[in-house]
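Commentary on secondary and tertiary structure
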Amino acid sequence: MRNKKSLHTSAFLMAKLATAFAVAGALVACDGGETICEEPIEVIDSSSSSSDVIESSSFKETDSTSSSSQQALSSTPRNDTLSSSIVAQESSSSAKADQGNHDDSTEVSSSSSLAVSSSSSAIPSSSGESPYLWSDEFDGSAIDTSKWTFEIGTGSSGCGNNEKEYYTGRKENAYVQDGILHIRANKESFEGSGYTSARMITKRKFTFTYGTVEARIALPVGKGIWPAFWMLGENIDKVSWPACGEIDIIESINDESIVYGTHHWQYEGQHASYGNNTSDFHGAKKEVDITQFHTYKLTWDKKLIAMYVDDFKYHEMSIEDNAGGTEAFHKPFFLLLNVAVGGNWPGFEIDDSQFPNEMLVDYIRISK
């Protein structure tokens, strides 16, 4: 989840050239370096706490084995100085996404704070075991802290993007109700910030390499809002960002009905990125009301990473034989969910009338 105000502008203007670059095997490198968050956000591991206010168990997450770990915010090394992108080799394959098992025609808006009916629970296997490598159906009465950790604070320079929220582990910002995870951004004064929200990660609790990620999510819209469902390389504390790699499955900003998918990595010592979105995937377009529930899907193997909303592919990139220095995408990654407020990409004009504003997550399922 990086600053994309300039990044996406250049990446999407260059998208129509991607095929030509792929055939030629050409790569365009970024010119400058980047400055990332110098200090990590505090991380809460609340697996042993039953308190509603989980912040009391927070601790600083550092890695004394690597001096670069102080620069590695475990989920947000982002940067306003990123002004160019790299075009990676792109596969021409056209794998189709599953339609999903849900009728989304009657879904409610993600900005609703009322109880929301969830989908049916995960399909059990004949043996009674889960058919998934990892999943969270959010069917309980609380967030499962054996699966998720909260990151707490603002990070350096607003998580590297001059964001305005303070991330907490409070139920005011993240809770489960009627089988739905709510990540809520609020307008309130808290620890020196004017807004609060939540960011949840599976770091040190679940990582994986290759597989299919499917999530049923409704996204918030509003001036200055920035929700994301994304992944970071497990080795971020050792190699820092962007060398760890980043896969942004879903990002949206402001009042746009557009979903962005993006890759970030390191190529020849510099930041590299490549992305697409639902408004223009090589001439194809899908109208998406992102405030309604949709099934978002990531497929990832040794050759290709692709992203879909329902049956529409909105991003694809080849990683076969480490094309374009993409070796980071052959290593373990962990999951992240968050809603940011303001920042370098969505901008600093924030509509305070939208709050509270929520991202709703029905389920996340990962299979091989």
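Everything numeric here is computed off the predicted structure, so don't read it as measured data. (Residues numbered from 1 in each chain as written. Predicted model: local features only at pLDDT ≥ 70, side-chain atom pairs only at ≥ 80, totals over all residues. Heavy atoms only, no water.)

1. Side note on the overall build of the protein chain
Helix and strand counts for the protein chain come out as four helices and 19 strands. Taken over 368 residues, the protein chain has a buried fraction of 59%. Taking as baseline every contact in the protein chain between residues at least 6 positions apart, the subset at least 24 positions apart corresponds to 76%. (Helix = DSSP H or I, 4+ residues; strand = E, 2+ residues; numbered from the N terminus. Buried < 20%, exposed > 50% of the residue type's maximum accessible area, 1.4 Å probe, protein only. Contact = heavy atoms within 4.5 Å.)

2. Examining unusual backbone geometry
The step from Trp241 to Pro242 runs through a cis peptide bond, and the omega angle for that step is 15 degrees. Omega for the peptide link from Phe355 to Pro356 comes to 0 degrees, which places this bond in the cis form. Here Pro356 is to be found in the loop between β18 (333-341) and β19 (357-367). With phi around 55 degrees, Asp178 is a residue other than glycine that occupies positive phi space. When its relative accessible area of 46% is taken as the criterion, Asp178 is described as partly exposed.

3. A closer look at the nonpolar core
If you look at the biggest cluster of nonpolar residues, it comprises 59 residues, and the most contacted ones within it are Phe229, Tyr296 and Ile364. In terms of residue count, the dominant contributor to this core is β18 (five residues). Sequence-distant contacts of Ile364, defined by excluding residues within four places in its chain, comprise Trp134, Ser135, Asp136, Phe138, Trp148, Val213, Glu214, Ala215, Phe229, Leu335 and Leu337. By size, the runner-up hydrophobic cluster in this structure holds 18 residues, among which are Cys159, Tyr260, Phe334 and Trp345. (Core = buried A, V, L, I, M, F, W, Y, C linked by side-chain atoms within 4.5 Å.)

4. A short note on the packing of aromatic side chains
In this description, a pair of aromatic rings is defined by centroid distance and the angle of the planes. Under the counting rule described, the total for this entry stands at 12 aromatic pairs. By way of ring pairs, the aromatic residues Trp134, Trp148, Phe206, Phe208, Tyr210, Trp265, Trp300, Phe329 and Phe333 are connected into one cluster. When the ring centre of Phe190 is taken as origin, the NZ or CZ atom of Arg170, which lies over that ring, is 4.4 Å away. (Phe/Tyr/Trp six-rings, centres within 6.5 Å; stacked < 30°, edge-to-face > 60°. Lys NZ or Arg CZ within 6 Å of the ring centre and 35° of its normal.)

5. Let's talk about the side chain of Thr291
Counting through the fold element by element, Thr291 comes out in the loop between β14 (270-277) and β15 (294-300). Side-chain polar atoms of Thr291 contact the side chain of Asp289, separated by 2.6 Å. At 3.3 Å, the side chain of Thr291 and the side chain of Gln292 are in polar contact. (Polar contact = N/O pair within 3.5 Å; in protein donor to acceptor, adjacent residues only side chain to side chain.)

6. Looking at a negative patch on the surface
Where like charges cluster on the molecular surface, the negative patch consists of Asp255, Glu349, Asp351 and Asp352. Secondary-structure assignment places Asp351 in the loop between β18 and β19. The exposure class of Asp351 is partly exposed, given its relative accessible area of 33%. (Patch = residues over 30% accessible without salt bridge, like charges linked within 9 Å, V, L, I, M, F, W, Y side chains within 5 Å. Areas by Shrake-Rupley, 256 points an atom, 1.4 Å probe, with all protein chains shown as cover. Salt bridge = Lys/Arg side-chain N within 4 Å of Asp/Glu carboxyl O. Lys, Arg positive; Asp, Glu negative; His and termini not counted. Charge placed at Lys NZ, Arg CZ, Asp CG, Glu CD.)

7. Here we look at the confidence of the model for the protein chain
Any region with low pLDDT has predicted coordinates that should not be read closely. Per-residue confidence for the protein chain gives a mean pLDDT of 76; residues scoring 70 or more make up 65%. Every residue in residues 46-108 is under pLDDT 50, and counting partners more than four places away or in other chains gives 206 contacts. Note that pLDDT drops below 50 for residues 112-121; the model gives that stretch 30 contacts with residues more than four away or on any other chain. (pLDDT = per-residue confidence, 0-100.)

8. A look at the pattern of salt bridges
Summed over the entire model, instances satisfying the criterion amount to nine salt bridges. Here Arg170 and Glu188 are joined by a salt bridge, their closest N and O atoms 2.5 Å apart. Taken together, the residues span a long stretch of sequence, with Arg170 in the loop between β5 (165-167) and β6 (174-177) and Glu188 in strand β7 (residues 180-190) at a distance of 18 residues. A residue is classified by how much of its surface remains accessible, and Arg170, at 9% relative accessible area, is buried. Through salt bridges that share partners, Lys203, Arg204 and Asp237 make up one connected network.

9. Focus on the pairing of β18
With nine of nine residues buried, β18 is to be regarded as a mostly interior element. Neither face of β18 is exposed, since Phe333, Leu335, Leu337, Val339 and Val341 on one face and Phe334, Leu336, Asn338 and Ala340 on the opposite face are all buried. Where strand β9 (residues 199-201) lies against β18, three bridges are found, and the strand directions are antiparallel. Within β18, the residue paired with Met200 across the bridge is Leu337. (Pairing = 2+ DSSP bridges.)

10. Quick look at the pairing of β15
Along a regular strand, successive side chains alternate from one face of the sheet to the other. Burial within β15 is extensive, with six of its seven residues counted as buried. Looking at chain direction, strand β10 (residues 211-218) and β15 are connected through seven bridges and run antiparallel. In the sheet register, Glu214 faces β15, and the bridge partner there is Lys297. The pairing of β15 with strand β16 (residues 304-309) spans five bridges and is classified as antiparallel. Following the sheet pairing, Trp300 is matched in β16 by Ile305.

11. Quick notes on the side chain of Asn186
You can see Asn186 is positioned in strand β7. At 3.0 Å, the side chain of Asn186 and the backbone oxygen of Glu172 are in polar contact. Ignoring sequence-local partners within four residues, the contact set of Asn186 consists of Glu172, Asn173, Gly194, Tyr195, Thr196, Phe355 and Pro356.

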